[in-house]
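# A structural walkthrough
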Amino acid sequence: MTDFPAAARVELANGQLRANLHHATQTIRAKRAGVVAELPDWEELREAGRGIKADVLARLDEYLVQFESAAQAAGAQVHWARDAAEANAIVVEVARDHGVSEVVKMKSLTTDEIHLNDALAAAGISALETDFAELILQLDGDWSSHILVPAIHRNRTEIRDLFARTIADGPLTDDPSELAEAARVYLREKFLGARMGVSGANFGVAETGTICIVESEGNGRMCTTLPPVLVSILGIEKLVPSFADLEVFLQLLPRSSTGERMNPYTSLWTGVTPGDGPQEMHIVLLDAGRTRVLADEVGRVALHCIRCSACLNVCPVYTRTGGHAYGSVYPGPIGAILTPQLIGVDQAPSLPYASTLCGACYEVCPVKIDIPAVLLHLRSKVVEHKGATPERLAMRAMGWVFGSARRLRFAQRLGRVAQRPLVRGGSIRRLPGPLAGWTQGRTMRPVARESFRRWWSRRP
Amino acid sequence: MFPAEQTCCGQLHLNSGYRDDAAALARRFVEVFGEYDAIVSPSSSCVGTVRELYPQLVPEAARVGARVFELSELLVNELGVDDVGAYFPHRVTYHPTCHSLRVTRVGDAPLRLLRKVRGLELVELPAADECCGFGGTFAVKNADTSIAMLADKCASIVSTGASVCSAVDGSCLLHIGGGLERQGTEVRALHLAEILASTEDA
Ligand code: SF4
C-alpha cells in the first residue's frame, strides 16, 4: 500500500490539482455552514444520528437477520458476502444467469471498495458508470479522489477535452450545461437498453427490508428502475432500525454533504413490485473487514460514517493533498481511520499519521465520530505492531529524560552545547537526521540560553 | 509556585502512539501537581492533553486535570481579569490554534486580553481557524504537507500587514515563526504571554 507522505509529495507538486481542490472544497464548506446554521436543533440531530448508529452496531446481528427476512418477504433475494471476492462472484453470477454483457451502475463507494468493475471486466461484462463525475473518471481511466465529488480534482476545460475525445459527436465548449447535455445524450441510450442495474445503498431499513439511496442527478433512479434485474450491494453497517430513523439521516446527510436542505432524488424501494420496476432484485450484504472493525471498541465508531464527506472538505491535509494520496476509495479523515481498520493497520501504517489532529473533522461530522481519538488509538496500534524502531527508542529515551527534572536539566545543558555548530545568526537553518524535515521549510529556534526554571529560581 | 520536579506532559508520546510512556508521564504529573488548587500553563495543547486526554490513560488524573487552565482561561474566565496593564505598540494578528479552539476551548479569552493591551492594534486573520500544519511529529513525518499548510498560514498572516502573530501554543508558534523567518518576512511569532508581559518601561 502506498506510503502517505510520499504519495502526498507527488500530489502537492500539482498546482492545478491544488487550485481545483481549494476552490471546490471552499465552496461546499460555505454552503454546508450556511444550511447547518439554519437548524436550531443541529446538535440534537447529530446526537440522534450518533445514538441510532451506536444502537445499530451494538445489535447488528439482530438487525441484519431482521433486514434479511423483511427483504425476502418483499420478494428480494438476499446474499451474504464475507469479502470482496464473494460479493463480486455473486454479481457476476447474476449477470451470467441473464446473459448480460453490460450493466449500468450508479455511483457507489462500496462497489469501488471491492473493485467490482474489474471483477466484471474479468468475466467479460462491462460496467458503465452513469454518475456524471464517475463517467468522466471512467472515460479517462482515472479514479475517484473525493467521496461525493469523485472528479473534484478535474476542472471544466479538462472535462471538455475529454468528452470531445470520447463521447461527444460534435464540437463542445466548456459551458457546464453543454457538458452535461453531452453526457445525457450518451447515457440515455445506455439506460434504455440496459438489462441489469447495480447500485450501492445509503441506508437499509431493518424493519421493512427497504433500501434507500440519495443522489443529485437522477441517474441512480434510472439504474434502479429501468433494468429488469437489479443488484444492490450494502455494507452491513448501513442499516437503520426503522423507517422513522431515516428522518434523522435525511436531514443530516444532504446538509453535510452537498450543503442542500434536501437532495434532489431520494429513492426508496422494498423488494419487488409486480409490473413496476425491476422484477428481480438481489441484495448483497457485504462484510469485507467490517466485523473486524466492529470488534474494536474504540475504532468501531468509524462504522457510523454516512459518507457525507464533510470531514474531507474541512480537512487541512485532504484539501491540499487531494484524495489519491490516501491510496483508497475512502480518502480524507474518514479514510485515515477506516482504511487501516478494514485492511489492517500493518497494511496502511502511514494513514493514522496523515493528520495534525486539528479536530476540524470531528466538529463537522454529522454523526459525531471523534476521528482524532480514533487516530490516536490506531497510532498506538501501529507502534505496537512495528515493535522496536529508532523512533520507539527515541521516545523511550525522551520518556526517561522527562521522568526526572534533574535529567531534563542535564539534557537541556547538553542541547545547548550540541547545537553550537548549527546556530547561525540566532537560528538553525539545517537540522540533521530525522529532524531534517523540519528545516526543509522552517528555521529552528535554538535552546534558550537560560531556561525558565533557572530564571525562576534566581528571581529576587 | 513552580514545582521544580515538573518536566513534560507527554503529549508528544500520546499523539505519536506511545501510550505507555505517556501514561507514565501522566502519573508523574498527578504526583507533582496533585496538591495544587489551580495549575496554569501557557500551552493550550498541553492543557488539552492533561485535562481532556489524561483521564483515558490514568483515571485518577481526572481530578487534577479539572484544575488545569490555559493562561488566558485562568485570567479571563477564572479570575475575571482582561486588562493586565500591558503596553505593546504594534499591529498584531492572532492565530487561534486548533487545540485552543477545539480541545481546550479557550474561546475568545486571548482576544479579550489582547484588546485591552495599550497601543496594540489587533487585526483579524483571514481563514484563522485553519490549522497551521504543525501537528507534532506530523511536521516531520509529513513535512511536505505540513509546509504546504504553513505556506498558506504565513500568506494569511502577511496579508494582514501585522508585524506580530500571536497564539497560545509555543509549538505552533515555533513552526509559524520558523516559516515566517525562512520566507524572509519581518513578521515575528510571539506567545500571548510575551505580549502581556510587555510594559511601557520594558
Ligand atoms: S466521518 Fe463523518 S464527516 Fe466524514 S464522511 Fe463520515 S459521516 Fe461524514
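To start, this report covers the structure provided alongside it. Bear in mind the structure is a predicted one, so any value in this text is a computation, not a measurement.

## Topic: the interface of chain A and chain B
Each partner contributes residues to the interface: chain A has 54 residues there, and chain B has 48 residues. Buried area between chain A and chain B, summed over both chains or domains, comes out near 4600 Å², and the portion from carbon and sulfur atoms is 57%. It is M395, F402 and R442 of chain A that lose the most area in chain A upon contact with chain B, and together they represent 15% of the buried surface on that side. At the junction of chain A and chain B, the tally comes to nine salt bridges. The closest approach of N and O atoms between K141 of chain B and E391 of chain A, which form a salt bridge, is 2.5 Å. Scanning the region where chain A abuts chain B turns up 29 residue pairs in polar contact (both at pLDDT 80 or more). With seven residues, the top contributor of residues to the side of chain A that touches chain B is helix α19 (residues 390–402) of chain A. Taken together, the residues of the side of chain A that touches chain B sort by class into 24 nonpolar, 17 polar and 13 charged.

## Some remarks on the side chain of E129 of chain A
Residue and element names in this part refer to chain A. Residue placement: E129 occurs in strand β3 (residues 126–129). Within polar-contact distance, the side chain of E129 engages the side chain of K105 at 2.8 Å. Once residues within four sequence positions are removed from consideration, E129 is found in contact with K105, M106, K107, D112, N117, E134, L135, Q138 and L187.

## Things to note about the site of the ligand
Close contacts around the ligand come from C305, I306, R307, C308, S309, C311, I334, C365, P366, V367, I369 and I371 of chain A, and that covers them all. Among the residues forming the shell around the ligand, the class breakdown is ten nonpolar, one polar and one charged.

## A word on the sheet that holds strand β4 (residues 121–123) of chain B
Residues and elements named next belong to chain B. The strand order β4-β3-β5-β6 describes an open sheet built from four strands, whose pairing is parallel. Every interior strand has two partners, whereas the edge strands, β4 and β6 (188–191), have only one. In this sheet, adjacent strand axes meet at a mean angle of 35 degrees when their direction is disregarded. Judged from the three bridges that link them, strand β3 (residues 91–94) and strand β5 (residues 164–167) form a sheet pairing that is parallel. Bridge pairing in β5 places T93 opposite C165. Helix α10 (residues 170–182) rests against β5 and β6 of the sheet, and its axis sits at about 170 degrees to β6.

Conventions adopted
- Residues numbered from 1 in each chain as written.
- Chains lettered and ligands numbered in written order.
- Predicted model: local features only at pLDDT ≥ 70, side-chain atom pairs only at ≥ 80, totals over all residues.
- Heavy atoms only, no water.
- Contact = heavy atoms within 4.5 Å.
- Buried area = accessible area lost by both parts, 1.4 Å probe.
- Salt bridge = Lys/Arg side-chain N within 4 Å of Asp/Glu carboxyl O.
- Polar contact = N/O pair within 3.5 Å; in protein donor to acceptor, adjacent residues only side chain to side chain.
- Helix = DSSP H or I, 4+ residues; strand = E, 2+ residues; numbered from the N terminus.
- Nonpolar A, V, L, I, M, F, W, Y, C, P; charged D, E, K, R; others polar.
- Near = heavy atom within 4 Å.
- Pairing = 2+ DSSP bridges.
- Axes fitted to C-alpha atoms, helices over the stretch in contact; angles between N-to-C directions.

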